[in-house]
Amino acid sequence: MSEPAQPCVLVVCDPGRVGELVGPLGPEAPPLPIGPVTVIATSGGDDTIDEFAERKPHVVIVTATLAEGDAATLIESLRGMVPRAHVVVIVVGDEQGPIRTMIDAFDLQPDRFVTSPVAPNAIRYAVTGGVEAARLARGPDANLSPRRT
């Protein structure tokens, strides 16, 4: 299986946060240095694992707190599906809550962390670096079949 033509970003958040996390990556936003990305948003429910397996995103953006799931368990599950370096996990902190800083998010083991309130350029920068890192790790002819355990 070869690399998808356009990088994919999976955004996992509560419905009320979709706009702030997807907007900076959308068609109305300034172009990213890496070019356009495909963005898929889910709320952390059962469809998230299916979307991940089907789309094989370069980057997963997940909010530290999810109404429909547990961010730590979700991240662990996703990381178990592909080699670790093939997907970059960005955790977005809570404005109010237990995970507001990178130190608070340490147990989630993110590759990158963005604080809340979210600055659009922070998301754009994190996604750009994440896609570049995942592309490098995957190589030009990456086989992204699910891991066998």
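This is a predicted model, so every value here is computed, not measured.

**Observations concerning the overall build of the protein chain**
Next, step 1: From N to C terminus, the protein chain includes 4 helices and 5 strands.
Next, step 2: In the protein chain, the succession of helices and strands from N to C terminus is β-α-β-α-β-α-β-β-α.
Next, step 3: Taking 2.2 N^0.38 as the reference for a compact globule, 149 residues should give roughly 15 Å; the C-alpha atoms of the protein chain span a radius of gyration of 14 Å, in line with that estimate.
Next, step 4: Expressed as lengths along the three principal axes of its C-alpha atoms, the size of the protein chain is roughly 40 × 40 × 25 Å.
Next, step 5: The buried share of the protein chain, reckoned over its 149 residues, is 47%.
Next, step 6: Pairs at least 24 residues apart make up 73% of the contacts formed inside the protein chain by residues separated by at least 6 positions.

**Focus on the pairing of strand β4 (residues 88–92)**
Next, step 1: Most of β4 is tucked away: 5 of the 5 residues are buried.
Next, step 2: Side chains V88, I90 and V92 of β4 all project onto a buried face; the interleaved residues V89 and V91 project onto the opposite face, where all are buried too.
Next, step 3: Pairing geometry for strand β3 (residues 59–63) and β4, over 5 bridges, is parallel. Following the sheet pairing, V59 is matched in β4 by V88.

**Looking at the sheet that holds strand β2 (residues 38–42)**
Next, step 1: One open sheet accounts for 5 strands, arranged β2-β1-β3-β4-β5; its pairing is parallel. Of all the strands in the sheet, the pair left with one neighbour each is β2 and β5 (112–114). Going across the sheet, the axis of each strand differs from the next one's by a mean of 20 degrees, ignoring polarity.
Next, step 2: The strands touched by helix α2 (residues 47–55) within the sheet are β1 (8–12), β2 and β3, with β2 carrying the most contacts at an inclination of about 160 degrees.

**Some words on the nonpolar core**
Next, step 1: With 22 residues, the main nonpolar core has V12, F52, V60, V62 and V91 as its most contacted residues.
Next, step 2: Among the elements of the structure, β1, β3, α3 (71–79) and β4 are those that each provide at least two residues to this core.
Next, step 3: At 4 residues, the largest contribution of residues to this core is made by α3.
Next, step 4: Counting residues in each nonpolar core, the second largest holds 20 residues, with I61, V92, V114 and V131 among its members.

**Some points on the pattern of salt bridges**
Should their charged atoms come close, side chains of opposite charge can pair.
Next, step 1: Evaluation of the coordinates by the stated rule reveals 5 salt bridges.
Next, step 2: Note that R79 and D111 form a salt bridge whose closest N and O atoms lie 2.9 Å from each other. Here the residue R79 occupies a position in helix α3, and D111 occupies one in the loop between β4 and β5, the gap between them amounting to 32 residues.
Next, step 3: For D111, the salt bridge identified is with R84, shortest N-O distance 3.8 Å. One end of the pair, D111, is in the loop between β4 and β5; the other, R84, is in the loop between α3 and β4, and 27 residues separate them in sequence.
Next, step 4: Taking the relative accessible area as the measure of exposure, D111 reaches 33% and is therefore partly exposed.
Next, step 5: Each of E51, E54 and R55 takes part in salt bridges that share partners, so that together they form one network.

Conventions and cut-offs
Residues numbered from 1 in each chain as written. Predicted model: local features only at pLDDT ≥ 70, side-chain atom pairs only at ≥ 80, totals over all residues. Heavy atoms only, no water. Helix = DSSP H or I, 4+ residues; strand = E, 2+ residues; numbered from the N terminus. Rg over C-alpha atoms; globule rule 2.2 N^0.38 Å. Buried < 20%, exposed > 50% of the residue type's maximum accessible area, 1.4 Å probe, protein only. Contact = heavy atoms within 4.5 Å. Pairing = 2+ DSSP bridges. Axes fitted to C-alpha atoms, helices over the stretch in contact; angles between N-to-C directions. Core = buried A, V, L, I, M, F, W, Y, C linked by side-chain atoms within 4.5 Å. Salt bridge = Lys/Arg side-chain N within 4 Å of Asp/Glu carboxyl O.

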